[in-house]
Amino acid sequence: MPHAYFTPATFKFLRALDRHNNRDWFAAHKADYERHVREPFLQLITDLQAPLAKISPHYRADPRKNGGSLYRIYRDTRYSNNKLPYKPWQGARFFHERRHEIPAPAFYLHIQPGDCFAGGGMWHPEPDALKKIRAFLADNPAAWKKATQSPAFREHMTFWGESLKRPPHGYDPNHELIEDLKRKDYACGEGFDEALACSAELLPWTVACFKRVAPMVDYLCATQELEF
């Protein structure tokens with residue numbers, strides 16, 4: 001039976017972390033982080049293993065505490081102007097089994113006060129991967145339209161990221177997918193509210209979201225010659 005993972009205490013902690021983003025405060029409240037954020041998220045990742053395997057046997061929901069699907073709460077401040085030590089959100093990516101060999105699309109789930117969402121795709125793909133996506137799009141427009149223009153997709157999904165102002169070099173400005181060819185990011189998803197995040201509907205809702213975005217993830221796998 002579906003059950004709730006997160007509670008209002010999850011969002012209370014994340015809001016407080018946003019206000020008191022320092023190491024002393026976090027150390028004093030780390031037990032709250034473990035109880036209300038990290039542990040329930042790891043359980044959700046565990047419970048997503050079976051339904052994700054049905055969507056694609058090549059994708060992984062990895063519930064390890066370190067190195068798995070769950071992002072670290074600690075920010076990498078070495079190359080950032082933002083020196084705050086913690087992320088006031090918690091996210092998880094569900095990755096392709098060959099992600100260390102080949103740039104691969106992923107599924108994603110994000111919990112943050114006022115900004116919860118789930119989806120999938122490739123965010124900021126590297127130049128070579130982006131080049132492959134555009135070349136594949138130009139040559140295979142019908143499959144892309146089937147993946148991204150179905151009623152279910154268009155009703156629920158919103159594309160994220162930036163686009164070029166002009167067509168990429170070497171592409172016909174009149175190509176039927178020119179707006180898609182101009183994208184710098186090939187990721188999309190849908191938002192949800194805190195009430196859903198704290199309800200027993202979160203797991204089935206997330207699975208339904210991943211199913212809706214799966215045809216696009218499948219297409220992006222094909223652009224990188226990956227199995228789906």
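These notes cover the structure that comes with them.

With that settled, consider the sheet that holds strand β1 (residues 59-60). If you walk across this open sheet you meet the 6 strands as β1-β2-β3-β4-β6-β5, and the pairing is antiparallel. Looking at which strands have only one partner, the edges of the open sheet turn out to be β1 and β5 (158-160). As paired strands, strand β4 (residues 116-122) and strand β6 (residues 186-192) are joined by 7 bridges and run antiparallel to one another. Residue pairing in the sheet places F117 in a bridge with G191 of β6. Across the sheet, helix α10 (residues 202-223) touches β1, β2 (90-96), β3 (106-111), β4, β5 and β6, and the angle it forms with β4 is around 20 degrees.

For the rest of this paragraph, the subject is the layout of surface pockets. When its volume is computed, the largest pocket comes out at roughly 680 Å³. The wall of the largest pocket is formed by 22 residues, among which Y71, A106, G121, M122 and W123 lie closest to the centre. Taken together, the elements giving at least two residues each to the lining of the largest pocket come down to β2, β3 and β4. Considering each element in turn, the lining of the largest pocket owes the most residues, 4 residues, to β4. Broken down by class, the residue content of the lining of the largest pocket amounts to 15 nonpolar, 4 polar and 3 charged.

To continue, consider helix α5 (residues 127-139). Count 3.6 residues to each turn of an α-helix, and residues three or four apart come out pointing the same way. With 13 residues, α5 extends 19 Å from end C-alpha to end C-alpha; this agrees with the ideal 18 Å at 1.5 Å per step. If you check which residues of α5 are buried, you get A129, L130, I133, R134 and L137. Within α5, the buried residues cover an arc of 135 degrees as seen down the axis, which keeps them to one side. Of the exposed residues in α5, those oriented more than 90 degrees away from the buried face are P127, K131 and D139. Check the buried side of α5 and you find it contacts β4, α6 (141-148), α8 (178-181), β6 and α10.

Counting buried positions over the 7 residues of β6 gives 6, a clear majority of the element. Where β5 and β6 come together, 3 bridges link them in antiparallel fashion. Residue pairing for β6: T158 is matched across the bridge by G189.

A few words now on the packing of α6 against α10. It is the contact of α6 with α10, at a shortest axis distance of 7 Å, that shows an interaxial angle of 155 degrees. Relative to α10, the element α6 is oriented roughly antiparallel. Relative to α10, α6 is oriented so that their crossing is left-handed. Of the residues in α10, those touching α6 at A143, W144, A147 and T148 are P215, M216, Y219 and L220. Its residues placed into classes, the contact of α6 with α10 shows 7 nonpolar, 1 polar and no charged.

Our next topic: the packing of aromatic side chains. In the structure shown here, the tally under the stated rule is 22 aromatic pairs. Ring geometry for Y59 versus F107: centroids 5.2 Å apart, planes at 80 degrees, classification edge-to-face. Taken together, the positions of Y59 in strand β1 and F107 in strand β3 put the pair 48 residues apart, joining distant regions of the chain. Positioned above the aromatic ring of F95 is the side chain of R99, whose terminal nitrogen or guanidinium carbon lies 3.5 Å from the ring centre. When the ring centre of F159 is taken as origin, the NZ or CZ atom of R183, which lies over that ring, is 3.9 Å away.

How each quantity is defined
- Residues numbered from 1 in each chain as written.
- Predicted model: local features only at pLDDT ≥ 70, side-chain atom pairs only at ≥ 80, totals over all residues.
- Heavy atoms only, no water.
- Pairing = 2+ DSSP bridges.
- Helix = DSSP H or I, 4+ residues; strand = E, 2+ residues; numbered from the N terminus.
- Contact = heavy atoms within 4.5 Å.
- Axes fitted to C-alpha atoms, helices over the stretch in contact; angles between N-to-C directions.
- 1 Å grid on protein atoms, 1.4 Å probe; cavity = no way out; pocket = protein on both sides within 12 Å on 5 of 7 lines; lining within 4 Å.
- Points joined across faces, edges and corners; volume = space filled by probe spheres on them.
- Nonpolar A, V, L, I, M, F, W, Y, C, P; charged D, E, K, R; others polar.
- Expected span 1.5 Å × (residues − 1).
- Buried < 20%, exposed > 50% of the residue type's maximum accessible area, 1.4 Å probe, protein only.
- Arc of directions from axis to C-beta.
- Parallel < 35°, antiparallel > 145°, perpendicular 65-115°, else oblique.
- Left-handed = near helix turned anticlockwise from the far one by under 90°.
- Phe/Tyr/Trp six-rings, centres within 6.5 Å; stacked < 30°, edge-to-face > 60°.
- Lys NZ or Arg CZ within 6 Å of the ring centre and 35° of its normal.

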